[in-house]
Amino acid sequence: RIDGIIAKYLDTGRLSKEEIEFLLGLEDEADLQKLFALANKVRERFVGNEVHLRGIIEFSNYCSRACLYCGISRHNRHLSRYRMDVEEILEAAKEAVGMGFKTIVLQSGEDPFYSTSTITRLVSQIKAMDVAVTLSVGERRREDYAAWKEAGADRYLLKFETSDPDLYRRLRPGCSMAQRLQCLTYLKDLDYEVGSGIMVGLPGQTLSSMADDILLMRKLQLSMVGIGPFIPHPATPLASAQAGTASLTLKVLAVTRLMLPWANLPSTTALGSVDREGRREGLLAGANVLMLNVTPLKYRRLYEIYPAKAEVEDDPTALKAAAVELVTRLGRRVSSGYGEGPKAMGIA
Ligand code: 5AD
């Protein structure tokens, strides 16, 4: 059956929900290699051999949300909280730009301490360093997104985490999927390059719901999709849940590449955290982006969304050197451009 599905995909560029579910259920090693090889080929054909490096600054671990899976949920009392001030954030950005990063990602918990105008100021000052700016600060008002776009922000990451509405409600008390999708629509209307994504292996998640997730990503015509395994955090209600596997994460990543051939897909830190070879395997199963942590080391381990996060101890220079080494070893190139996605290229 797999050969038939691949042949049909190569012919039409399409997969039905049943076919996606079938691919996500593959277990046979030879079949998996066929899926990953196809995703790798599609990646090469559509987005080429360049790998884009992004420098991510996790500038605050305060969060007003109460997500059951997340280590920086407001309910976690065992965590020291930090907020970087504007000067510190700009300093970290400057250092990353000096190292050659062409995209700076600003990420935090949902922390209303940073006002619309504070983030506007950050965006315009970092834009002045001649880089692309990606924001990932959660659900905000349309006006906020508009102000930041006006200030020069290029991209926005807001994962929908799961498209199963019941699971979503259970895992994200006080939030609604409708609201999340509304935010994604605002961002798209405002002409951001929009990124979203999911966790793989959440308790209660099924292959059917992950197939729906992938279909939703395609419907949203996302420019970027982040896919990582769920990793249980001891200070959360899901402490004793099973972690998502690298193998299932790679399957979801590969099928996402088939369904969004132009997208920028990171081989995620979470994938590298459940499997030593995870990031390399991701790059061979459809991914073309690496996001490297450039948060000052003194804050790094406090941004503990999940435990045993890779790279909590490596300084940005060492991380960059390791990434370049990995990319080169795979016969690929580190991009020297901004690495814009399909929206900016006028395709999607
Ligand atoms: N395991 C893996 N990923 C997680 N995230 C949050 N909590 C966890 C966890 N326990 C991911 C979510 C979020 C991103 C910043 O981190 O997908 O969007």
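Structure shown above.
Residues numbered from 1 in each chain as written. Predicted model: local features only at pLDDT ≥ 70, side-chain atom pairs only at ≥ 80, totals over all residues. Heavy atoms only, no water.

Caption draft 1: View of unusual backbone geometry. Of note, the phi angle at Asp-130 is positive, near 65°, even though the residue is not glycine. Note on Asp-130: relative accessible area 44%, which makes it partly exposed. Look at Glu-161: it is not a glycine, yet its phi comes out positive at around 70°. Within the fold, Glu-161 resides in the loop between strand S4 (155-157) and helix H7 (165-171). (Buried < 20%, exposed > 50% of the residue type's maximum accessible area, 1.4 Å probe, protein only. Helix = DSSP H or I, 4+ residues; strand = E, 2+ residues; numbered from the N terminus.)

Caption draft 2: Broad picture of the site of the ligand. The immediate surroundings of the ligand are formed by Tyr-69, Cys-70, Lys-159, Glu-161, Met-199, Pro-229, Phe-230, Ile-231, Ile-305 and Tyr-306. Between the ligand and Tyr-69 there is a distance of 2.8 Å, counted from a nitrogen atom to a backbone nitrogen or oxygen. One of the backbone nitrogen or oxygen atoms of Ile-231 is found 2.8 Å away from a nitrogen atom of the ligand. For the ligand, whose accessible area on its own is 400 Å², the fraction buried by protein is 87%. By residue class, the composition of the shell around the ligand is eight nonpolar, no polar and two charged. (Near = heavy atom within 4 Å. Polar contact = N/O pair within 3.5 Å; in protein donor to acceptor, adjacent residues only side chain to side chain. Areas by Shrake-Rupley, 256 points an atom, 1.4 Å probe, with all protein chains shown as cover. Nonpolar A, V, L, I, M, F, W, Y, C, P; charged D, E, K, R; others polar.)

Caption draft 3: Layout of a negative patch on the surface. Taken together, the side chains of Asp-85, Glu-87, Glu-91, Glu-95, Glu-313, Asp-314 and Asp-315 make up a negatively charged region of the molecular surface. As for its position among the elements, Glu-87 is in helix H4 (residues 86-98). Since its relative accessible area comes to 57%, Glu-87 is described here as exposed. (Patch = residues over 30% accessible without salt bridge, like charges linked within 9 Å, V, L, I, M, F, W, Y side chains within 5 Å. Salt bridge = Lys/Arg side-chain N within 4 Å of Asp/Glu carboxyl O. Lys, Arg positive; Asp, Glu negative; His and termini not counted. Charge placed at Lys NZ, Arg CZ, Asp CG, Glu CD.)

Caption draft 4: Broad picture of the pattern of salt bridges. Within this structure, the stated rule accounts for 19 salt bridges. For the salt bridge of Arg-65 with Glu-139, the shortest nitrogen-to-oxygen distance reads 3.4 Å. With Arg-65 in the loop between strand S1 (50-60) and H4 and Glu-139 in the loop between strand S3 (132-136) and helix H6 (142-150), this residue pair connects regions lying 74 residues apart in the sequence. Given a relative accessible area of 17%, Arg-65 falls into the buried group.

Caption draft 5: Layout of the packing of aromatic side chains. Counted according to the given criterion, the structure contains seven aromatic pairs. Their ring planes at 90° and their centres at 5.1 Å tell us that Phe-46 and Trp-262 sit as a pair that is edge-to-face. With Phe-46 in helix H3 (residues 29-47) and Trp-262 in the loop between helix H10 (246-259) and helix H11 (269-274), the pair connects residues that are 216 residues apart, well separated along the chain. When its relative accessible area of 31% is taken as the criterion, Trp-262 is described as partly exposed. Considering the side-chain rings of Phe-59 and Tyr-114, the 4.8 Å spacing of their centres and the 85° angle between planes classify their relative orientation as edge-to-face. You can see Phe-59 sitting in strand S1 and its partner Tyr-114 sitting in the loop between strand S2 (103-108) and helix H5 (116-127), a full 55 residues away along the chain. Here Phe-59 and Tyr-114 have matching classes, each one buried. Linked through ring pairs, Tyr-145, Trp-148, Tyr-156 and Tyr-192 together constitute an aromatic cluster. Over the ring of Tyr-192 we find Lys-149; its NZ or CZ atom is 5.9 Å from the centre of that ring. (Phe/Tyr/Trp six-rings, centres within 6.5 Å; stacked < 30°, edge-to-face > 60°. Lys NZ or Arg CZ within 6 Å of the ring centre and 35° of its normal.)

Caption draft 6: Structural context of the packing of helix H2 (residues 17-24) against H10. Orientation of H2 relative to H10, taken along the N-to-C sense of each, is 145°, at an axis distance of 9 Å. For H2 against H10, the interelement crossing comes out right-handed. Listed contacts from H10 to Ile-20, Leu-23 and Leu-24 of H2 are Leu-248, Lys-251, Val-252, Val-255, Leu-258 and Met-259. Class assignment for the residues of the contact of H2 with H10 results in eight nonpolar, no polar and one charged. (Axes fitted to C-alpha atoms, helices over the stretch in contact; angles between N-to-C directions. Left-handed = near helix turned anticlockwise from the far one by under 90°. Contact = heavy atoms within 4.5 Å.)

Caption draft 7: The environment of Asp-166, seen in detail. One can find Asp-166 in helix H7. Linking Asp-166 and Arg-180, residues 14 residues apart in sequence, is a C-alpha distance of 14 Å. A polar contact is formed between the side chain of Asp-166 and the side chain of Arg-169, at a distance of 2.7 Å.

Caption draft 8: Up close: the pairing of strand S5 (residues 193-200). With eight of eight residues buried, S5 lies mostly within the body of the structure. Residues Glu-193, Gly-195, Gly-197 and Met-199 of S5 are buried on one face, and the alternating residues Val-194, Ser-196, Ile-198 and Val-200, pointing to the opposite face, are buried as well. Of the strand pairs in this sheet, S4 and S5 are connected by three bridges, and their pairing is parallel. Residue pairing in the sheet places Leu-157 in a bridge with Gly-195 of S5. Alignment of S5 against strand S6 (residues 224-229), held across six bridges, turns out to be parallel. When the bridges of S6 are listed, Gly-195 appears paired with Met-224. (Pairing = 2+ DSSP bridges.)

Caption draft 9: Geometry of the side chain of Asn-76. Topologically, Asn-76 is positioned in the loop between S1 and H4. Since its relative accessible area comes to 7%, Asn-76 is described here as buried. A distance of 2.9 Å separates a polar atom in the side chain of Asn-76 from the backbone nitrogen of His-78. Discounting residues that sit within four places of it in the chain, Asn-76 has contacts with Gly-71, Arg-81, His-233 and Ala-235.

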